[in-house]
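Residue-level structural notes
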Amino acid sequence: MKHFLIVWIVLLISFTSYADTWYEGTLVFANSKSKNGLIENTLGSDYILFKASKDAKEEKIEASTLSAVILKIKDKTIEYHLRKVYLGWAQKKISESSWIEVVEKGIVTLYVIGSTMSSRDGLNSAGFLDYYCIRAGEPAAKMIANVSTLNNNQTFKAKAPLYFEDYPELAAKIKSKEYTWKDLTTVVQEYNKWASKKK
């Protein structure tokens, strides 16, 4: 039986491939203030390197003072939030804060975290995408889908109806497979539209 080593990749983009590169972007602080300038791809560390302009002095900003980092990479704008997530299938233990990528923002915000599973000899590997949701005031984001080469809809069908149970019609669509993991963004958008009418 092969032994596998789980290697978590906090961000979907491999920052190693962008080493020593600065991107235009915005830092959003926990107090809601923000800074626009150049940001180095150091989201996996305790500090974010920032410059107000190309020739400006480099600033070392503590990651824990931030709530979001928005990067412009090529023709894409990618936003990351510093969030805790519930761990494992039981979703009882909570992780430390880490940077996770925003997929859809709203009353419920959808995030994605990429990970890989590699054999001990490094010859075989498989990729996973874990999707999480959070509402304002919740202590951590909850996993609602896990996409891999295995049964992609199993986690979604089990977890998503529980998370969206306050909207029974939507939960029913997930249970009946009218919506599957491929409809993640649509599900969150539909929920946010419904929830906004309740305010």
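The structure reproduced in this document is the subject of the present report. (Residues numbered from 1 in each chain as written. Predicted model: local features only at pLDDT ≥ 70, side-chain atom pairs only at ≥ 80, totals over all residues. Heavy atoms only, no water.)

1. A look at helix α3 (residues 184-198)
What counts here: The numbering of helices and of strands both runs from the N terminus, where a helix is a DSSP run of H or I of at least 4 residues and a strand a run of E of at least 2. Given the number of residues in a helix, its expected span is that number minus one, multiplied by 1.5 Å. A simple rule labels every residue: compare its accessible area, found with a 1.4 Å probe on the protein chains alone, to the largest value its type can have, and call it buried under 20%, exposed over 50%, or partly exposed in between.
A rise of 1.5 Å per residue sets the reference length of α3, with its 15 residues, at 21 Å; its end C-alpha atoms lie 22 Å apart and thus fit the reference within 8%. Listed in full, the buried residues belonging to α3 are L184, V187, V188, E190, Y191, N192 and A195.

2. What to know about the pattern of salt bridges
Note the threshold: Just to be clear on terms, a salt bridge is a Lys or Arg side-chain nitrogen sitting within 4 Å of an Asp or Glu carboxyl oxygen.
In this structure the tally under the stated criterion is five salt bridges. When the shortest N-O distance is used, the salt bridge between D166 and R135 registers 3.5 Å. One end of the pair, D166, is in the loop between α1 (152-163) and α2 (168-175); the other, R135, is in strand β10 (residues 125-135), with 31 residues separating them in the sequence. Note that E190 and K173 form a salt bridge whose closest N and O atoms lie 3.2 Å from each other. Pair noted here: E190 is in helix α3 and K173 is in helix α2, with a separation of 17 residues, a long-range link. When salt bridges with common partners are traced through the structure, they connect R135, E138 and D166 into a single cluster.

3. Let's talk about the environment of G114
Examined against the element boundaries, G114 turns out to sit in strand β9 (residues 108-119). Along the primary structure G114 and I100 are separated by 14 residues, whereas in three dimensions their C-alpha atoms are 9.0 Å apart.

4. Description of the pairing of strand β3 (residues 34-40)
We apply this condition: The pairing criterion for strands is at least two bridges between them, as found by DSSP.
Pairing of strand β2 (residues 22-29) with β3 involves seven bridges; the strand directions are antiparallel. The partner of L27 across the bridge, within β3, is K35. Pairing geometry for β3 and strand β4 (residues 47-51), over two bridges, is antiparallel. Each residue of the ladder has a partner; that of L38, found in β4, is K51. The loop that links β3 with its antiparallel partner β4 comprises six residues.

5. Observations regarding the side chain of D130
How we decide: As used in this structure description, the phrase polar contact means that two N or O atoms lie within 3.5 Å; if the pair is within protein, one of them must be able to donate a hydrogen and the other to accept it, and residues adjacent in sequence are counted only when both atoms belong to side chains.
Within the secondary structure, D130 sits in strand β10. Among the polar contacts made by the side chain of D130, one reaches the side chain of N146 at a distance of 2.2 Å.

6. Brief notes about the packing of α2 against α3
To keep it simple, the criterion reads: For helices, the fitted axis covers only the stretch in contact; all axes are lines through C-alpha atoms, and the angles between them, taken along N-to-C directions, range from 0 to 180 degrees. Oblique is the label for any angle not under 35 degrees, not over 145, and not in the 65 to 115 range, which are roughly parallel, roughly antiparallel and roughly perpendicular in turn. For any pair of crossing helices, the crossing counts as left-handed if the nearer helix is rotated counterclockwise from the farther one by less than a right angle, and right-handed if it is rotated clockwise. Throughout, a contact is declared for two residues whenever any of their heavy atoms are within 4.5 Å. Only Asp, Glu, Lys and Arg are considered charged in this grouping, and only Ala, Val, Leu, Ile, Met, Phe, Trp, Tyr, Cys and Pro are considered nonpolar; every other residue, Gly among them, is considered polar.
Between α2 and α3, the shortest axis-to-axis distance is 10 Å and the interhelical angle comes to 165°. With respect to α3, the axis of α2 lies roughly antiparallel. Crossing angle aside, the handedness with which α2 passes α3 is right-handed. Contact residues: α2 offers L170, K173 and I174, while α3 offers V187, E190 and Y191. Grouping the constituent residues of the contact of α2 with α3 by class yields four nonpolar, no polar and two charged.

7. Details of the nonpolar core
We count it as follows: Here the nonpolar core consists of buried residues drawn from Ala, Val, Leu, Ile, Met, Phe, Trp, Tyr and Cys, with membership extended through side-chain atoms lying within 4.5 Å.
Core analysis: the largest hydrophobic core is formed by 21 residues, its most contacted members being Y131, C133, I144, F164, L170 and I174. Looking at this core, the elements that each hand over two or more residues are β9, β10, β11 (142-147), α1, α2 and α3. In terms of residue count, the dominant contributor to this core is α3 (five residues). In this view, C133 contacts V108, T109, L110, E138, A141, K142, I144, Y163, F164 and V188; residues no more than four positions away in its chain are not counted.

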